[in-house]
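Residue strings, one per chain:
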Amino acid sequence: QSALTQPASVSGSPGQSITISCTGTSNDIGSYNYVSWYQQHPDKAPKLLIFDVSSRPSGVSHRFSGSKSGNTASLTVSGLQAEDEANYHCVSYTSITLPVLFGGGTTLTVL
Amino acid sequence: VQLVQSGAELKKPGESLRISCRASGYIFPSYWITWVRQMPGKGLEWMGSIDPSDSYAIYSPSFQGHVTISTDRSTNTAYLQWTSLRTSDSGIFYCARADGNSFDPWGQGTLVTVSP
């Protein structure tokens, strides 16, 4: 099964908003509300930002939000800050026999 | 809640290796542990997951038969093991606690380098 499709890179200026897409199929994103997003700074472990499409763990900034439409999930980062510069990964549940599918990752550059 | 992984490893092709992930701050058998690979400059790949309550493990087809995931409930530790390493096994390996259908927290990662 192919990985979920993310843009390789996105960029924005401080204060702006950006959206990162994560496209799957009707077998994964389209069928389940189990999309999560992770932020990974260079040489660091990933950190959970969003789970179950749009829920935020405690401690995660309200500037991060998630949504889904059809087979595509999205992560929006509003009020961009320099510290948001990182790689972002999406994950979806797919099936009981192959439960986890990652996206290829997106590099966010804050100009 | 914390996952602490073992240190970096330098191995030769054909050698065996077991890396570890020690959990603390929660009831270990209550949450699955997942292993994820990240090759240099690349994205994350799911390798497999294990239920520490009964050691039932499920693997990605890409890794099935090449790695073994196990746990030791007496030490709250999960393991990722290879019996015969290949140079293509080099990468950073993360363990993560599966909380529902997401992963939190993650271990700090273990760098594995396989070189002749």
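In what follows, the accompanying structure is described. From a predicted model like this one, the values you see are computed outputs, not experimental measurements. (Residues numbered from 1 in each chain as written. Chains lettered and ligands numbered in written order. Predicted model: local features only at pLDDT ≥ 70, side-chain atom pairs only at ≥ 80, totals over all residues. Heavy atoms only, no water.)

Let us now look at the sheet that holds strand E1 (residues 2-5) of chain B. All names here are of chain B. Spatial strand order, E1-E3-E8-E7: four strands in an open sheet with antiparallel pairing. At either end of the open sheet lies a strand with only one pairing partner, and these are E1 and strand E7 (68-72). The sheet shows a mean angle of 20 degrees between the axes of neighbouring strands, direction not considered. (Pairing = 2+ DSSP bridges. Helix = DSSP H or I, 4+ residues; strand = E, 2+ residues; numbered from the N terminus. Axes fitted to C-alpha atoms, helices over the stretch in contact; angles between N-to-C directions.)

All names here are of chain A. Taken in spatial order, the three strands of this open sheet run E2-E6-E5, and their pairing is antiparallel. This sheet does not close on itself; its edge strands, each paired only once, are strand E2 (18-23) and strand E5 (64-69). This sheet shows a mean twist of 20 degrees between the axes of neighbouring strands, independent of strand direction. Note: E5 against strand E6 (residues 72-77), six bridges, orientation antiparallel. Counted as the bridge partner of Ser 67 is Ser 74 from E6.

The next thing to look at is unusual backbone geometry. Where the residue is not glycine, phi is negative for most of them; where a peptide bond is considered, it is trans in most cases. Residue Asp 104 of chain B is joined to Pro 105 of chain B through a cis peptide bond whose omega torsion reads 0 degrees. Structurally, Pro 105 of chain B is set in strand E10 (residues 102-106). Notably, Val 53 of chain A is not glycine yet its phi reads approximately 75 degrees, a positive angle. Summarising the element assignment, Val 53 of chain A is placed in the loop between strand E4 (47-50) and E5. Assessed through its relative accessible area of 9%, Val 53 of chain A is described here as buried. (Buried < 20%, exposed > 50% of the residue type's maximum accessible area, 1.4 Å probe, protein only.)

This paragraph deals with the pairing of strand E9 (residues 91-99) of chain B. Residue and element names in this part refer to chain B. Most of E9 sits out of view: seven of its nine residues are buried. Where strand E4 (residues 33-38) and E9 come together, six bridges link them in antiparallel fashion. Bridge pairing in E9 places Arg 37 opposite Phe 93. In this sheet, strand E11 (residues 110-114) lies alongside E9 in antiparallel orientation, the contact comprising three bridges. In the strand pairing of E11, Gly 91 is matched with Val 112. Pairing geometry for E9 and E10, over three bridges, is antiparallel. By the bridge assignment, Asp 99 is partnered in E10 with Ser 102. Connecting E9 to the antiparallel partner E10 that follows it, the hairpin turn spans two residues, and Gly 100 within it adopts a positive phi of roughly 65 degrees.

For the rest of this paragraph, the subject is the interface of chain B and chain A. Taken together, the contact between chain B and chain A spans 17 residues of the former and 20 residues of the latter. Here chain B meets chain A over a buried area of about 1500 Å², counting both sides, of which 67% is carbon and sulfur. Among the residues chain B hides against chain A, the three largest losses belong to Leu 44, Trp 46 and Asn 101 of chain B. Together they make up 39% of the total. Across the chain B-chain A interface, the total number found is zero salt bridges. (Contact = heavy atoms within 4.5 Å. Buried area = accessible area lost by both parts, 1.4 Å probe. Salt bridge = Lys/Arg side-chain N within 4 Å of Asp/Glu carboxyl O.)

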